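Chain and residue survey
Residues per chain are reported as follows:
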Amino acid sequence: MSNFFDRSGKIHYGAPTVPESKIRETAGKSGEPDDGAFTAGLFPEGVAMYSASDLRKNLRIKMEDEPYVITEFNFTKPGKGQALYRCKLKNMISGAQFERTFRSVDVFEPADLQEKKMQFLYEQEGKYCFMDNETYEQILLTEDQVGDGKNYLIENIEVEVLLFEDRPLGVSLPNFVDLVVTKAEPWARGDSVSGNTKPVTVQTGYVLQVPPFIEEGEKIRIDTRTGEYLTRVKD
Amino acid sequence: MHDPWPLAKKRRALELRARILAELRRFFADRDYLEIETPCLIPAPAPEFHIDTFPCAGWFLQPSPELCMKRLLAAGYDRIFQICRCFRQKERGDRHLPEFTMLEWYRREADYRDLMAECEELLVQVAGALGRGDLVTYQGVRIEIGAPWERMTVGEAFDRFAPLPVAAALAGDCFEEILAVHVEPRLGRRRPTFLYDYPLPLASLARVKRGDPAVAERFELYIAGMELANAFTELADEGEQRRRFAREEEARRRAGKPPYPVPENFLAALPALGTAAGIALGVDRLVMILADAPHIDAVTAFTPETL
């Protein structure tokens, strides 16, 4: 649980996600918190805001200048009191998870996230270079940002790079990629007992379990969501 | 495209719901309660800051049938009950629907302790009629429903489960957060729990407790951490009720909520109310408990999202 104390010593569970002055500007004309009519007012800079009743699973919001995704969401209204929105949030940069409880007067800035189609060019000393297909602009991602994606990044593969205010957060790959097997033990034909799979290495260096009949130089299809072998691909 | 499955798969829950409704009616008929119906569309709801009504054709959809039922009570209908639809804006979650089914019953010459006892008898009879005996399992929690149930004041519950006492929670404006996070999940886990004697500011239509003016004679029923019913000894003091309504209404208007007229006909009836108590029980949640359903959607045929 993530309560904290403010300067007056009051316990808060929900944190205002934008400065107080901005909350007032967005929350009704009288300057009072508007629990009722306000749903998506305009932020001074023209950004549409979320109110607590807009919160739902998978919504992405910005708090303290970092993007968060809501991984769990629950509405509750204990004892005829005020509505509470109990959320689990995940920081999309650090991956840190925590719980926080919001009230209906809380307002949220949407996280400005973009997915851009980019082409993978090369990897050098743990940096992965991608190129924007439209502008030819190149960006570098770290191994952490690429995550498991590094197992499937072959030259010129097209991926979606997730950007938060122009900072790359990660890549999403096509669900299926076809990769060439670069190292495999030969198939011992008599061997039908050893679990019916064997490890092979593909061109990215990724090692996975495949059926024993797969041989060096063959192309196989891999599901990037599970990292598992799907089928043999004939060119 | 027509897909019958989402509705068809609810058949068992809907059949159980129908049996529960029938058993509720039988319970009250056996005890000489009169079933009554009051209008859904009303001109002047009770002003409550944390309940948003749906405005409708210049009037409002009722957030509860409370005011009309108390007028009947004051007119000499000594034992009445109603099962009806209630409407509350923006209340949607695993246990909330903006339109839901409420059971309310009211008794003259009774106080909130009498209703606790009647609540126990009601659930024992309904569960018995459904062949459940005295043990109900909800989401893996086994609950003995034979009387007597656990009774705990709000103050005791905060002392036992919360990181700070109830007075500090109220002063720090975090009563609901502490209640929801620390207290509610611990209630009604082996037996149902009556949480009672609420701080006075949290009970706008309840009578002040005799001998303890800091609390109101109000209780809530919890089963497996879920709030099921809210009850109190009715405030019958017209002047005091008028002052409380005025305070709530002022706060509502300051927050830009649609203004309510003063419910004059209700206030005028109060002096004739005498000693009376009333209770509101969420029927959908009772069905959730008896159907062992984690989500309210499973026990209603339709939700706003599927219309």
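Residues numbered from 1 in each chain as written. Chains lettered and ligands numbered in written order. Predicted model: local features only at pLDDT ≥ 70, side-chain atom pairs only at ≥ 80, totals over all residues.

To continue, consider the sheet that holds strand β18 (residues 228-233) of chain A. Residues and elements named next belong to chain A. Strand order across the open sheet formed by 5 strands is β16-β15-β14-β17-β18, with antiparallel pairing between neighbours. Here the strands that pair on one side only, and so sit at the sheet edges, are β16 (207-210) and β18. On average, each strand axis in the sheet is inclined to that of its neighbour by 50°, with strand direction left out of account. Note: strand β15 (residues 198-202) against β16, 4 bridges, orientation antiparallel. Looking at the pairing, Lys198 lines up with Val210 of β16. (Pairing = 2+ DSSP bridges. Helix = DSSP H or I, 4+ residues; strand = E, 2+ residues; numbered from the N terminus. Axes fitted to C-alpha atoms, helices over the stretch in contact; angles between N-to-C directions.)

Turning our eyes to something else, we now look at the pairing of strand β13 (residues 226-233) of chain B. Remark: a regular strand shows side chains that alternate across the two faces of the sheet. All names here are of chain B. Among the 8 residues in β13, 8 count as buried, and that is most of the element. Bridge count for strand β12 (residues 212-223) against β13 is 6 bridges, and the pairing is antiparallel. Residue pairing in the sheet places Leu221 in a bridge with Ala229 of β13. Here 5 bridges tie β13 to strand β14 (residues 276-282), and the two strands are oriented antiparallel to one another. Paired with Ala231 across the strands is Ile279, a residue of β14. (Buried ≥ 20, exposed ≤ 12 C-beta atoms within 10 Å, placed from the backbone.)

The next thing to look at is the packing of helix α2 (residues 11-30) of chain B against helix α10 (residues 283-291) of chain B. The description of two packed helices rests on the angle between their axes and on the distance between the axes. Residues and elements named next belong to chain B. The N-to-C vectors of α2 and α10 enclose an angle of 120°; their axes lie 10 Å apart at closest approach. Considered as vectors, α2 and α10 are oriented oblique to each other. Here α2 and α10 pass one another in a crossing that is right-handed. Of the residues in α10, those touching α2 at Ala13, Leu16, Arg17 and Ile20 are Leu286, Val287, Leu290 and Ala291. A breakdown of the residues in the contact of α2 with α10 according to their chemical character gives 7 nonpolar, no polar and 1 charged. (Parallel < 35°, antiparallel > 145°, perpendicular 65-115°, else oblique. Left-handed = near helix turned anticlockwise from the far one by under 90°. Contact = placed C-beta atoms within 7 Å. Nonpolar A, V, L, I, M, F, W, Y, C, P; charged D, E, K, R; others polar.)

With that settled, the discussion passes to the sheet that holds strand β8 (residues 107-110) of chain A. All names here are of chain A. Taken in spatial order, the 6 strands make up an open sheet running β3-β8-β4-β5-β6-β7, and their pairing is antiparallel. Either end of the sheet is taken by a strand with one partner, and the two such strands are β3 (50-51) and β7 (97-103). Direction of pairing for strand β4 (residues 60-63) relative to strand β5 (residues 66-76): antiparallel, over a ladder of 4 bridges. Bridge pairing in β5 places Ile61 opposite Tyr68.

The subject of this paragraph is helix α7 (residues 175-183) of chain B. Buried residues dominate α7(B), accounting for 8 of its 9 residues. Those residues of α7(B) lying buried are B:Phe175, B:Glu176, B:Glu177, B:Ile178, B:Leu179, B:Ala180, B:Val181 and B:Val183. Of the surrounding elements, those touching the buried residues of α7(B) are β5, β6 (84-91) and β7 of chain A together with α5 (154-161) and α6 (166-171) of chain B.

The next point concerns the confidence of the model for chain A. Looking at chain A, the pLDDT average stands at 79 and 77% of residues meet or exceed 70. Across residues 1-44 of chain A, confidence stays below pLDDT 50; counting only partners more than four residues off in sequence or on other chains, it has 83 contacts. (pLDDT = per-residue confidence, 0-100.)

Let us look at the pairing of β12(B). Residue and element names in this part refer to chain B. For β12, the tally of buried residues reaches 9 of 12 residues, placing the bulk of the element in the interior. Sheet analysis places strand β10 (residues 193-199) next to β12, joined by 6 bridges and oriented antiparallel. Note on β12: the bridge partner recorded for Tyr198 is Ala216. Sheet topology places strand β11 (residues 208-209) next to β12; 2 bridges connect them, and they run antiparallel. Within the sheet, the bridge partner assigned to Lys209 lies in β12 and is Asp212.

This part covers helix α3 (residues 66-74) of chain B. Residues and elements named next belong to chain B. Of the positions making up α3, those classed as buried are Glu66, Cys68, Met69, Lys70, Leu73 and Ala74. The secondary structure elements touched by the buried residues of α3 are β5 (79-87), β6 (99-108), α9 (264-269) and β14. After α3 finishes, the residue Gly76 shows a positive phi value of roughly 105°.

So, about the environment of B:Cys40. Residues and elements named next belong to chain B. One can find Cys40 in the loop between β1 (34-35) and β2 (41-42). In the structure, Cys40 is positioned 256 residues away from Ile296 in sequence and 22 Å away in space, judged by C-alpha atoms. Setting aside anything within four residues of it in sequence, one finds Cys40 in contact with Leu61, Gln62 and Arg85.

Mean pLDDT over chain B: 96, with 100% of residues reaching 70 or higher. As a predicted assembly, this complex carries a pTM of 0.77 together with an ipTM value of 0.86.

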